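For reference, the chains in residue letters:
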Amino acid sequence: MKKILALLLTMAISGIAQDRYQMGSNYYAYPTPNAKYTKAPAGYKPFYLSHYGRHGSRFHQPADHYHALYNTLAKADSAGKLTELGKSLLERAKYLDEYAAPRAGDLTQLGVAQHQGIAKRMVKNFPELFKNNAYIEAYASTSTRCVVSMAAFLEELRAQKPKLDIHQESGKYLMAFISPLDFGKIIGESNTPAWQKENEKLYSHVNPARMMNAIFNDSTYVQKNIDAGDLFSKIYEIGNSLQGSPEIEFSFDDLWTDEDLAARWHAQNAWWYSVLGNNPFGKKEGLENARPLLKNFLDVADKVITADTTAPAKKTAAKPAKKTTATLRFGHDTVIFPFAVLLQLENGTQNTSIETADMENLHKVWRDYEISPMAANVQFVFYKSSKKGAPILVKVMLNETEQKLPVTCDTAALRQNSGTVQNCPAAPYYRWEDFRDFYSEIATNK
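Just so it is clear, the model here is predicted, and its values are computed rather than measured.

Asks: An account of the overall build of the protein chain is requested, with residue identities and associated values reported.
Replies: When its secondary structure is counted, the protein chain shows 17 helices and ten strands. Relative to the compact-globule value of 22 Å for 446 residues, the protein chain shows a C-alpha radius of gyration of 24 Å, a close match. When its C-alpha atoms are laid out on the principal axes, the protein chain stretches across 85 × 45 × 45 Å. Long-range contacts, defined as pairs at least 24 residues apart, comprise 83% of the intrachain contacts of the protein chain with a sequence gap of at least 6. Accessible area of the protein chain: about 20,700 Å², with a carbon and sulfur share of 51%.

In structure tokens form, the structure reads like this:
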């Protein structure tokens, strides 16, 4: 009976979150999607795909966190202050200090596999884009884990379609749209007095005392020598990162109650919202980190559409320009989060652009693990019809799941031009003209 009551209490606390992995926040390992796709309108086929993907699962960073965890526990052990659970944690911390700390921030093998899986499904779901020597462009952040993510993705594309013509690069000049702003500065600007009050309310539900009593056998020692809140947070972050390294054959699950973990995740989820979401308590500077990316998506798509729909010129000595069928970009969660917010995506109970002051219930409508798990990605898929005059259509997917957009079809203009509104498609498909007009204003912050 006690177990049932505990389970019910956890469900009430964590709301939508279903398991401990999801409450790992942005360390949540990318789940294999099982969503079914809506059939495109009659006569339409995909001809271009535009993509931005976060790097795959990585080791926790910085390395200092591993060192601090191990050193804190080793010092307590030498003083005889660890419980049996604390000694077990010390053994795990020692292993991580030797194995994971030198790899801090690096892509894991699961991270490689995540991008290979996304690439494989992309070819399966949109085979029209990867025929023969189709031309693919790929760009990565200068971060090593992003470059390796791109390499894994392209390796799988080539395994599926060996004849593909792939252009790939990584460089500082690309950061202007892949990851343009200083994240540390964004954090500082979001930490307003109004947000600090809300943050304190959330952390009032986070109590490290139970865990400290389980690890250490002397409360006085803890009071004098341990920063309980800091240690609690390091255990949360390092422990959550372990789901990205299945070769490590232990976890930190035995340190947590479901209630403690849910309370800590609620605070973490709200922190991401405060920094990179539509947070009413801050300056929303984090959203600026994605406007250049949105503009890049729109500008590149316009060029591709123009090249694809323009009648071929008469033969000349000049080599014809290649027609791009996919543009792939590899970056970071600090851009995926605000990009999803600017796009105003809706799926089920999730609303990425919601503006709410109710931090206690934020997790019911905005969930970090659904927006930016490891290897998170946004895909714009473009469709055209062989029918003359038919509009270009586009749909958006977040983590390979179709999304509803706030874009409306200009029915008045359609009636004026053709006397019909038959060219207004049903979600998740939208006319490119409507889509571009709507998001162009957001990209330029007008």
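Asks: Any chance you could break down the nonpolar core for me, citing the residues and the numbers?
Replies: Core analysis: the biggest nonpolar cluster contains 94 residues, and Phe-216, Ile-235, Phe-380, Phe-382 and Phe-435 have the highest contact counts within it. Looking at this core element by element, the count peaks at ten residues for helix H12 (residues 258-276). The contacts of Phe-380, once residues within four sequence positions are left out, are Tyr-48, Leu-49, Ser-50, Phe-297, Phe-339, Leu-343, Val-394, Lys-395, Val-396 and Phe-435. The next biggest cluster of nonpolar side chains, apart from the first, holds 30 residues, and it includes Ile-118, Ala-119, Ala-140 and Leu-164.

Asks: Explain the state of the cysteines residue by residue, including any values.
Replies: On inspection of all chains with the given rule, the structure shows one disulfide. There is a disulfide in this structure between Cys-409 and Cys-424, and the S-S distance comes to 2.0 Å. Its S-S torsion of approximately -85° makes the covalent link between Cys-409 and Cys-424 left-handed. Note that Cys-409 is positioned in the loop between strand E9 (401-402) and helix H16 (411-418) and Cys-424 in the loop between H16 and strand E10 (430-431), a separation of 15 residues in sequence. Judged by its relative accessible area of 22%, Cys-424 falls in the partly exposed class.

Asks: Break down the environment of Ala-119 for me, citing the residues and quoting the values.
Replies: Note that Ala-119 resides in helix H4 (residues 109-125). Here the alpha-carbon distance between Ala-119 and Gln-160, two residues 41 residues apart in the chain, equals 9.0 Å. Residues within four places of Ala-119 in sequence aside, it is in contact with Phe-153, Glu-156 and Leu-157.

Asks: Give me the lowdown on the pattern of salt bridges, citing residues and values where you can.
Replies: On inspection of all chains with the given rule, the structure shows 19 salt bridges. Here Asp-230 ties to Lys-234 by a salt bridge, and the two come within 2.7 Å at their closest N and O atoms. Taken together, the residues span about one helical turn, with Asp-230 and Lys-234 both in helix H11 (residues 228-241) at a distance of four residues. Residue classification places Asp-230 among the partly exposed residues on the basis of a relative accessible area of 37%. Between Lys-395 and Glu-402 there is a salt bridge, with the nearest N and O atoms lying 2.9 Å from each other. Of the two residues, Lys-395 and Glu-402, both sit in the buried class.

Asks: Give a description of the pairing of strand E1 (residues 44-54) that names residues and reports values.
Replies: Regular strands show a simple pattern: their side chains alternate between the two faces of the sheet. Most of E1 sits out of view: ten of its eleven residues are buried. With nine bridges joining them, E1 and strand E7 (residues 377-385) adopt antiparallel strand pairing. Residue pairing across strands places Tyr-48 opposite Phe-382, the latter belonging to E7.

Asks: Can you break down helix H8 (residues 193-203) residue by residue, with the values?
Replies: Within the sequence span of H8, burial applies to Trp-195, Glu-198 and Leu-202. In a view along the axis of H8, the buried residues occupy a sector of 60°, so they form one face of it. In H8, the exposed positions angled more than 90 degrees off the buried face are occupied by Pro-193, Lys-197 and Glu-200. Where H8 is buried, its residues touch helix H7 (183-190) and H12.

Asks: I'd like a rundown of the confidence of the model for the protein chain, residues and numbers included.
Replies: For the protein chain, the average pLDDT comes to 92, and 91% of its residues sit at 70 or higher. Note that residues 1-17 has pLDDT below 50 and, in this model, 25 contacts with residues that lie over four places away or in other chains.

Asks: Please provide a residue-by-residue account of the packing of helix H2 (residues 63-78) against H11, values included.
Replies: A pair of packed helices is captured by two measures, namely the crossing angle of their axes and the spacing between those axes. At a minimum axis distance of 10 Å, the contact between H2 and H11 shows a crossing angle of 120°. One element, H2, and the other, H11, form an angle in the oblique class. Both H2 and H11 take part in a crossing whose hand is left-handed. Along the contact surface, H2 presents His-65, Tyr-66, Ala-68 and Leu-69, while H11 presents Leu-231, Lys-234, Ile-235, Glu-237, Ile-238 and Ser-241. Of the residues belonging to the contact of H2 with H11, the class tally is six nonpolar, two polar and two charged.

Asks: Quick one: what's the story with the pairing of strand E3 (residues 165-170), residue by residue and with numbers?
Replies: As judged from the six bridges shared by strand E2 (residues 135-140) and E3, these two strands associate in the parallel manner. Pairing of Glu-137 across the sheet is with His-167, part of E3.

Asks: Talk me through the environment of Ser-372; I want residue IDs and the actual numbers.
Replies: Take Ser-372: it is sitting in the loop between helix H15 (368-371) and E7. For Ser-372, a relative accessible area of 0% corresponds to the buried category. Along the backbone, Ser-372 and Phe-435 are 63 residues apart, and their C-alpha atoms lie at a distance of 23 Å.

Asks: How would you explain the packing of aromatic side chains if you had to name every residue and give the values?
Replies: Here the structure, examined in full by the defined rule, presents 26 aromatic pairs. A centroid spacing of 5.8 Å and a plane angle of 85° characterise the contact between Tyr-28 and Tyr-369, whose relative ring orientation is edge-to-face. Residue Tyr-28 is found in the loop between helix H1 (2-14) and E1, and its partner Tyr-369 is found in helix H15; the two are separated by 341 residues along the sequence. Here Phe-438 and Tyr-439 contribute two aromatic rings whose centre-to-centre distance is 4.9 Å and whose plane-to-plane angle is 90°, an arrangement assigned as edge-to-face. For Phe-438, a relative accessible area of 27% corresponds to the partly exposed category. Tyr-439 sits in the buried class, given a relative accessible area of 0%.

Rules behind the numbers
Residues numbered from 1 in each chain as written. Predicted model: local features only at pLDDT ≥ 70, side-chain atom pairs only at ≥ 80, totals over all residues. Heavy atoms only, no water. Helix = DSSP H or I, 4+ residues; strand = E, 2+ residues; numbered from the N terminus. Rg over C-alpha atoms; globule rule 2.2 N^0.38 Å. Contact = heavy atoms within 4.5 Å. Areas by Shrake-Rupley, 256 points an atom, 1.4 Å probe, with all protein chains shown as cover. Core = buried A, V, L, I, M, F, W, Y, C linked by side-chain atoms within 4.5 Å. Buried < 20%, exposed > 50% of the residue type's maximum accessible area, 1.4 Å probe, protein only. Disulfide = S-S within 2.5 Å. Salt bridge = Lys/Arg side-chain N within 4 Å of Asp/Glu carboxyl O. Pairing = 2+ DSSP bridges. Arc of directions from axis to C-beta. pLDDT = per-residue confidence, 0-100. Axes fitted to C-alpha atoms, helices over the stretch in contact; angles between N-to-C directions. Parallel < 35°, antiparallel > 145°, perpendicular 65-115°, else oblique. Left-handed = near helix turned anticlockwise from the far one by under 90°. Nonpolar A, V, L, I, M, F, W, Y, C, P; charged D, E, K, R; others polar. Phe/Tyr/Trp six-rings, centres within 6.5 Å; stacked < 30°, edge-to-face > 60°.

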